[in-house]
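Here's the letter readout for the chains.
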Amino acid sequence: FSKDVNHCISKKLVAKAKDTLRSIALEDLQGIRGRVTVRKAQRRSLHTWNFGLLRMFVDHKAKIAGVPVIFVDPRNTSRTCPSCGYVSKANRPTRDEFRCESCGFAGPADYIAAINIAFRAEVNQPIVSEHSILQGQASPF
Ligand SMILES: [Zn+2]
């Protein structure tokens, strides 16, 4: 099941990036299972989900489609306020919720993390996957 869903997700991600002439930014997932903390009830499904496989599918399909993939440092992506930059575990009172303790900026936690990942891909020196360099594709950033 997860393999089919991962194929479906990666296919849609890459198609959208290609259609809109964008790159894909991903957290460098090495060690994600040790980093993510969730309520006990959710642990089983999270730990059995194959994030590594999803990343591999996205990278592979992006390579075929000529879409650049940028891997960014995953630290604190779900604890950093994209509005003021304040980093705190308290910014994320629940798994699904983000609320900045400093400026009050709030939103769905996954969406906030995605904003931070995109921002890091733009401003940091990204780790660009090898195929993007080999094919001479300039990043739009
Ligand atoms: Zn803030």
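Please refer to the structure higher up on the page.
Student: What is the right way to look at the coordination of the zinc ion in this model?
Tutor: Six octahedral donors around a metal ideally make angles of 90 or 180 degrees; four tetrahedral donors ideally make 109.5 degrees. Only Cys-81 (SG), Cys-84 (SG), Cys-100 (SG) and Cys-103 (SG) from the protein reach the zinc ion as donors, at distances of 2.2 to 2.3 Å. Around the zinc ion, the four donor atoms are arranged such that angles at the metal cover 105 to 117 degrees; this shape is classified as tetrahedral. Donor residues for the zinc ion sit on one chain with the sequence pattern C-x2-C-x15-C-x2-C. When its relative accessible area of 40% is taken as the criterion, Cys-103 is described as partly exposed.

Student: Looking at this model, I keep getting lost on the nonpolar core. Mind explaining?
Tutor: Generally speaking, nonpolar side chains in soluble globular proteins are found buried as a group. Counting residues in each nonpolar core, the largest one holds 10 residues, listed as Val-14, Ala-17, Ile-24, Leu-26, Leu-54, Val-58, Ala-62, Val-67, Val-69 and Phe-71. When residues of this core are assigned to their parent elements, the largest contribution, three residues, is made by helix α4 (residues 51–65). Not counting chain neighbours up to four residues away, the residues in contact with Val-14 comprise Ile-24, Val-58, Lys-61, Ala-62, Ala-65 and Val-67.

Rules used throughout
Residues numbered from 1 in each chain as written. Predicted model: local features only at pLDDT ≥ 70, side-chain atom pairs only at ≥ 80, totals over all residues. Heavy atoms only, no water. Donors = N, O, S within 2.8 Å, 3.2 Å for Na, K, Ca; no water. Tetrahedral: all angles 85-135°; square planar, octahedral: opposite > 155°, others 65-115°. Buried < 20%, exposed > 50% of the residue type's maximum accessible area, 1.4 Å probe, protein only. Core = buried A, V, L, I, M, F, W, Y, C linked by side-chain atoms within 4.5 Å. Helix = DSSP H or I, 4+ residues; strand = E, 2+ residues; numbered from the N terminus. Contact = heavy atoms within 4.5 Å.

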